[in-house]
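Single-letter residue listing:
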Amino acid sequence: MSDAASTGFSADWLRQREPFDLAARSASLALGFRAALGPQNPAAFRIVDLASGSGANFRALAPLLEKDQEWRLVDHDPLLLAAQRSEITRWASGQRWHCHDHEGGLAIHAGPARWLVRSQQLDLARDLEDIDLASCDGLVTTAFLDLVSAAWLDRLSALLVRTPRPLLASLTVDGRRTWFPTRPADQLIADAFLSHQGGEKGFGPSLGVRATPYLAAHLAVAGYQVSTQSSDWHIGREHSDMLLNMAQEAATVATETDPSCKPAVSSWLADRAADIHHGLLSLEIGHLDLLAVPHFPVVK
Ligand SMILES: C[S@@+](CC[C@H](N)C(=O)[O-])C[C@H]1O[C@@H](n2cnc3c(N)ncnc32)[C@H](O)[C@@H]1O
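The structure presented is a predicted model; accordingly, all values stated were derived computationally and were not measured. (Residues numbered from 1 in each chain as written. Predicted model: local features only at pLDDT ≥ 70, side-chain atom pairs only at ≥ 80, totals over all residues. Heavy atoms only, no water.)

Caption draft 1: View of the layout of surface pockets. Estimates place the volume of the largest pocket at around 510 Å³. Along the walls of the largest pocket sit 31 residues, with Phe9, Ala51, Asp75, Phe144 and Leu147 positioned nearest its centre. Listing elements by their share of the lining of the largest pocket, those giving two or more residues are helix H1 (11–24), helix H3 (56–65) and helix H5 (124–127). With four residues, H1 is the single largest residue contributor to the lining of the largest pocket. Looking at the lining of the largest pocket residue by residue, the classes come out as twelve nonpolar, ten polar and nine charged. Counted as a void, the second largest pocket has a volume near 210 Å³. Lining the second largest pocket are 15 residues, with Glu18, Leu22, Arg59, Ala60 and Trp91 sitting closest to its centre. Where the lining of the second largest pocket is concerned, the elements lending two or more residues are H1, H3 and helix H4 (78–94). (1 Å grid on protein atoms, 1.4 Å probe; cavity = no way out; pocket = protein on both sides within 12 Å on 5 of 7 lines; lining within 4 Å. Points joined across faces, edges and corners; volume = space filled by probe spheres on them. Helix = DSSP H or I, 4+ residues; strand = E, 2+ residues; numbered from the N terminus. Nonpolar A, V, L, I, M, F, W, Y, C, P; charged D, E, K, R; others polar.)

Structure, rendered in structure tokens:
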């Protein structure tokens, strides 16, 4: 299931979106995160990934961070936590890297670097404060902040003030969504999407597309140096499965938001399915990446 239509996320959906995420991520903010971790320190980087799903953030960042690393992948969903092992093993064997069990986690030997990955089940809505920032060097999260509320981001900011650590929050939706070619009902679909973004996803009323500017402003006031960059999905006409998935999701969200618009939405979906079938449709979805680095010394 995709992001906007549900608060449940299947491993299949996360696998489908992973290459689009990978192409969209800001490389310069990821390198800024690496610099903030202190690469000259010989010890392994210790990274916590909030709402890690099946481990896509680890797969994207570990090769960029290069040296030895210890990751804690935190999520509340037992199915996704269970999928981490198979997804990471499949990815590593595609790179010809050796994996084996090690101290309750999975060790990956990637050339000269060794990465140790452990999974942790935690309800971040309830137990965010159980994350021990003092025992990690940096915090990351991907495709998550648009689900949470202002109150939850205040809690995250409070943690980061109490224990300053670099934060890389990638791929938060920012509300831009453009279908090519355009059709008159696109606006109806876009309005429904924006209104659904403000719904409840288990964390109180979600900030949706306002999450990145909200967190950026709060961390800047708290003394962090904050940078944001766009990390948009470009879904070309050759990606018919992904386009159909996005069009169906948009239609579901629109009818959930306003059942009275069902006939207009059904007609829009039929037109979009025809566009996809004829290889005419493409889609851009706006996201933002955020890097926040403490100005003040990080005590480890
Ligand atoms: C869109 S998915 C992103 C997953 C992963 N970061 C990725 O990029 O593939 C959102 C993730 O948030 C997790 N999530 C939602 N509510 C949560 C909660 N209360 N506690 C922990 N994780 C949660 C979901 O299980 C899911 O893995």
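Okay, back to it.
Caption draft 2: Representation of the environment of alanine 125. Of note, alanine 125 is situated in helix H5. Counting along the chain gives 113 residues from alanine 125 to aspartate 12, while the straight-line C-alpha distance between them is 24 Å.

Caption draft 3: Summary view of the site of the ligand. The local shell around the ligand holds 19 residues, among which Ala51, Asp75, Asp123, Leu124 and Thr142 are the closest. Between aspartate 75 and the ligand, the recorded distance is 2.6 Å, taken from a side-chain N or O atom to an oxygen atom. In the environment of the ligand, a nitrogen atom lies 2.9 Å from a nitrogen or oxygen atom belonging to the backbone of threonine 142. If the ligand stood free it would expose 590 Å²; the protein chains cover 98% of that surface. The residue makeup of the shell around the ligand, split by class, is eleven nonpolar, four polar and four charged. (Near = heavy atom within 4 Å. Polar contact = N/O pair within 3.5 Å; in protein donor to acceptor, adjacent residues only side chain to side chain. Areas by Shrake-Rupley, 256 points an atom, 1.4 Å probe, with all protein chains shown as cover.)

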